[in-house]
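# An overview of the molecular structure
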Amino acid sequence: QVQLVESGGGLVQAGGSLRLSCAASGRTFSTYSMAWFRQAPGKEREFVAAISWIGSTTNYADSVKGRFTISRDNAKNTVYLQMNSLKPEDTAVYYCAAKPGNYGTYANTASYNYWGQGTQVTVSS
């Protein structure tokens, strides 16, 4: 069982930066692939970024590539999402997710076993 708690969301002006954190419980955190998803009002939850269990592989949605960076610290049971050059269209609730096993299907919400409660990110124009 893994419990995930996100933090770091808030209100920021366009062009600004935020760093989201996701703290995980459980001794098996280092064996889980981790990801960030987001959901804007009236839209489906969408993939943002993912990182393999050892951190050697990362993937990003085209809309955030070059602006966002996902990383993890297995010693701290924490995954991060550094968000730079934020745009109003990045406004959403951001969710952390975890799954054991194969890193493949990293962009598929259905493949993740555990989810955090979400943290709101609002980017003003």
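Rules of the game
Note on numbering: residues in each chain are counted from 1, in written sequence order. In keeping with the predicted nature of the model, local features appear solely for residues at pLDDT of at least 70, side-chain atom pairs appear and are counted solely at 80 or more, and the whole-chain, interface and lining totals rest on all residues. Where side-chain values are given, they derive from all heavy atoms of the structure, hydrogens and water being excluded. Strands are runs of DSSP state E lasting at least 2 residues, helices are runs of H or I lasting at least 4, and numbering of each runs from the N terminus. Throughout, the radius of gyration refers to the C-alpha atoms, and the reference size of a globule is 2.2 Å times the residue count to the power 0.38. For every residue, the accessible area (1.4 Å probe, protein chains only) is compared with the maximum for its type, and the residue is labelled buried under 20%, exposed over 50%, or partly exposed between those bounds. The contact definition used throughout considers only heavy atoms, calling two residues in contact when any of these lie within 4.5 Å. Here the accessible surface of atoms and residues is derived via Shrake-Rupley with a 1.4 Å probe, and residues count as covered only by protein chains that are part of the display. Here a strand pair is declared whenever DSSP counts at least two bridges between the two strands. Working convention: axes come from line fits to C-alpha atoms, limited for helices to the stretch in contact. Angles between N-to-C directions cover 0 to 180 degrees. Buried Ala, Val, Leu, Ile, Met, Phe, Trp, Tyr and Cys residues form a nonpolar core when they are joined through side-chain atoms within 4.5 Å. Put simply, a disulfide is two cysteine sulfurs that come within 2.5 Å. One speaks of a salt bridge when a side-chain nitrogen belonging to Lys or Arg is within 4 Å of a carboxyl oxygen belonging to Asp or Glu.

### Some details on the overall build of the protein
- Helix and strand counts for the protein stand at zero helices and 11 strands.
- Listing the helices and strands of the protein from first to last along the sequence gives β-β-β-β-β-β-β-β-β-β-β.
- At 13 Å, the protein has a C-alpha radius of gyration in line with the 14 Å of a compact globule built from 125 residues.
- Overall, the protein is about 40 × 25 × 25 Å in size when its C-alpha atoms are taken along their principal axes.
- Put simply, the protein has 125 residues, and 42% of those count as buried.
- Of the contacts made within the protein by residues no fewer than 6 positions apart, 59% connect residues no fewer than 24 positions apart.
- As displayed, the protein has an accessible area near 6,200 Å², and 48% of this comes from carbon and sulfur atoms.

### Section: the sheet that holds strand β1 (residues 4-7)
- Read from one edge to the other, the open sheet built from four strands follows the order β1-β3-β8-β7, with strand pairing classed as antiparallel. With partners counted over all chains shown, the strands left at the sheet margins are β1 and β7 (68-73), one partner each. Shown here is a sheet whose adjacent strand axes are inclined to one another by a mean of 15°, direction ignored.
- The pairing of β7 with strand β8 (residues 78-83) spans six bridges and is antiparallel. Pairing of phenylalanine 68 across the sheet is with methionine 83, part of β8.

### Regarding the nonpolar core
- Membership of the largest hydrophobic core comes to 36 residues, with the highest contact counts inside it found for Leu4, Met34, Trp36, Leu81, Met83 and Tyr94.
- Mapped by element, the contributors of at least two residues to this core are β3 (18-24), β4 (32-39), β5 (46-51), β7, β8, β9 (92-100) and β11 (119-124).
- Apart from the residues within four sequence positions on either side, tyrosine 94 is in contact with Glu6, Leu20, Trp36, Phe37, Arg38, Val48, Phe68, Leu81, Met83, Gly118, Thr119 and Val121.

### Description of the environment of phenylalanine 29
- With respect to the helices and strands, phenylalanine 29 occurs in the loop between β3 and β4.
- For phenylalanine 29, a relative accessible area of 1% translates into the label buried.
- Phenylalanine 29 sits 85 residues away from tyrosine 114 along the chain, and the two C-alpha atoms are 11 Å apart.
- Residues within four places of phenylalanine 29 in sequence aside, it is in contact with Ala24, Met34, Arg72, Asp73, Asn74, Asn77, Thr78 and Val79.

### Some thoughts on the state of the cysteines
- Summed over all chains, the structure comprises one disulfide.
- Covalently, cysteine 22 is tied to cysteine 96 through a disulfide, its sulfur atoms 2.1 Å apart. Taking the sign of the S-S torsion, -80° for the link of cysteine 22 and cysteine 96, the bridge is left-handed. Of the two residues, cysteine 22 is situated in strand β3 and cysteine 96 in strand β9; the sequence distance between them amounts to 74 residues. The residues cysteine 22 and cysteine 96 share a single accessibility class, namely buried.

### Quick word on the pattern of salt bridges
- Under the counting rule described, the total for this entry stands at four salt bridges.
- Glutamate 46 is the salt-bridge partner of arginine 38, the closest N and O atoms lying 2.6 Å from each other.
- In this structure, lysine 65 engages aspartate 62 in a salt bridge whose closest nitrogen and oxygen atoms are separated by 3.1 Å. Here lysine 65 matches aspartate 62 in class, with each residue exposed.
- Taken together, the salt bridges that share partners define one network made up of Arg38, Glu46, Arg67 and Asp90.

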